[in-house]
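What the coordinates show
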Amino acid sequence: LQLTGNGSLIDLSPNIGYKFNKYASVGVQGIFTNLSIRYNSFTYRYMFYGAGAFVRFKPLPYLFLQAEYDVLSVPDNFAIASPKRTIADVYLAGLGLRNQMGPRSCYYLLLMYEFMPTPNSPYTNWPFNSPLVSRAGFNINF
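Quick look at the structure, then. Note that the structure is a prediction, hence the values are computed from the model and not measured. (Residues numbered from 1 in each chain as written. Predicted model: local features only at pLDDT ≥ 70, side-chain atom pairs only at ≥ 80, totals over all residues. Heavy atoms only, no water.)

**What about the packing of aromatic side chains?**
In this description, a pair of aromatic rings is defined by centroid distance and the angle of the planes. Condition: Ring pairs shown here join Phe, Tyr and Trp side chains whose ring centres sit within 6.5 Å, with only the six-membered ring taken for Trp; geometry is labelled stacked below 30 degrees between planes, edge-to-face above 60, and tilted in between. Working definition: with a 1.4 Å probe on protein chains only, accessible area under 20% of the residue-type maximum means buried, over 50% means exposed, and in between means partly exposed. A ring is scored as having a charge over it whenever the NZ atom of a lysine or the CZ atom of an arginine sits within 6 Å of its centre and within 35 degrees of its normal.
This structure, assessed with the given rule, holds nine aromatic pairs. Between Tyr46 and Phe48 the ring centres are 6.0 Å apart and the planes differ by 65 degrees, which places this aromatic pair in the edge-to-face class. Tyr46 gets classed as buried once you look at its relative accessible area, which sits at 1%. Grouped by ring-pair contacts, the aromatic residues Tyr44, Tyr46, Phe48, Tyr123 and Phe128 constitute a single cluster. The ring of Phe64 carries Arg56 above its face, with NZ or CZ at 5.0 Å from the centroid. The lysine or arginine in question, Arg56, covers the ring of Tyr108, its NZ or CZ lying 5.5 Å from the ring centre.

Structural data, given as structure tokens:
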């Protein structure tokens, strides 16, 4: 959740996974992001949603590597007035830090890079204009 004087960003990305051992895990996630930007008297709303799969490798208790593939439904050609949507394939990989909060829970910070961006990618192209994707969250039993 991010709130500013010029708009807001709401992202919900719940995931569920399976731990093979204390080092390797896989999972799936749902993705819903809603962005609202106010510019003068106009408010632009951009929404994308989809699903993805990820793999994690945890070489140290506080450090993990993550790679993921997401399929997102995004506005077609970033059209403001058109209801048409298209698909964006997103390939991400990066590094995360985690900190235990209790015996079965932790919070994490994750920074990923988008490899092989597609023309409709919301990360490398508009609205975010950066191949870097940052996330923060909580894990329970994972």
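Next comes the rest of the account.
**Here we look at the pattern of salt bridges**
Using the following cut-off: By salt bridge we mean one thing: a side-chain nitrogen of Lys or Arg within 4 Å of a carboxyl oxygen of Asp or Glu. Secondary structure elements follow DSSP: runs of H or I of four or more residues count as helices, runs of E of two or more count as strands, with numbering from the N terminus.
By the definition in use, this model includes two salt bridges. Arg135 is the partner of Glu68 in a salt bridge, and the nearest nitrogen-oxygen pair spans 2.8 Å. Of the two residues, Glu68 is situated in strand S6 (residues 63-75) and Arg135 in strand S9 (residues 132-140); the sequence distance between them amounts to 67 residues. Taking relative accessible area as the criterion, Glu68 reaches 4% and is therefore assigned buried.

**Digging into the pairing of strand S5 (residues 42-60)**
To keep things clear, this is the line we draw: Here, a strand pair is defined by DSSP locating no fewer than two bridges between the strands.
Two strands pair when backbone bridges link them, and strand S4 (residues 24-39) and S5 are joined in this way by 16 bridges, in the antiparallel orientation. Of the residues in S5, the one forming a bridge with Val26 is Val55. Once S4 ends, the chain turns through two residues before running back antiparallel as S5, passing Asn40 with a positive phi of about 55 degrees. One ladder, built from ten bridges, connects S5 with S6; its direction is antiparallel. What sits directly across from Ala51, in S6, is Val71. Linking two consecutive strands that pair antiparallel, namely S5 and S6, is a turn of two residues.

**Concerning the environment of Asn21**
Selection criterion: Polar contacts here mean pairs of N or O atoms no more than 3.5 Å apart (in protein, one a potential hydrogen donor and the other a potential acceptor; neighbouring residues in sequence count only if both atoms are side-chain atoms).
Topologically, Asn21 is positioned in the loop between strand S3 (15-19) and S4. Spatially, the C-alpha atoms of Asn21 and Glu114 are 27 Å apart, while their sequence positions differ by 93 residues. Looking at Asn21, its side chain comes within polar contact range of the main-chain nitrogen of Tyr23, at 2.7 Å.

**Details of the side chain of Arg135**
Going by this rule: We call two residues contacting when some pair of their heavy atoms lies within 4.5 Å.
Arg135 sits in the buried class, given a relative accessible area of 16%. Within polar-contact distance, the side chain of Arg135 engages the side chain of Glu68 at 2.8 Å. The contacts of Arg135, once residues within four sequence positions are left out, are Gln29, Gln66, Glu68, Asp70, Leu92, Tyr108, Leu109, Leu110, Met112 and Tyr123.

**Some remarks on the environment of Gln66**
Assignment of secondary structure puts Gln66 in strand S6. Taking the relative accessible area as the measure of exposure, Gln66 reaches 4% and is therefore buried. Separated by 27 residues in sequence, Gln66 and Ala93 place their C-alpha atoms 5.5 Å apart. Each residue touching Gln66, except ones within four places of it in the same chain, is listed here: Phe54, Val55, Arg56, Leu92, Ala93, Gly94, Leu110, Met112 and Arg135.

Spatial relationships are all this shows, so hold off on functional conclusions.
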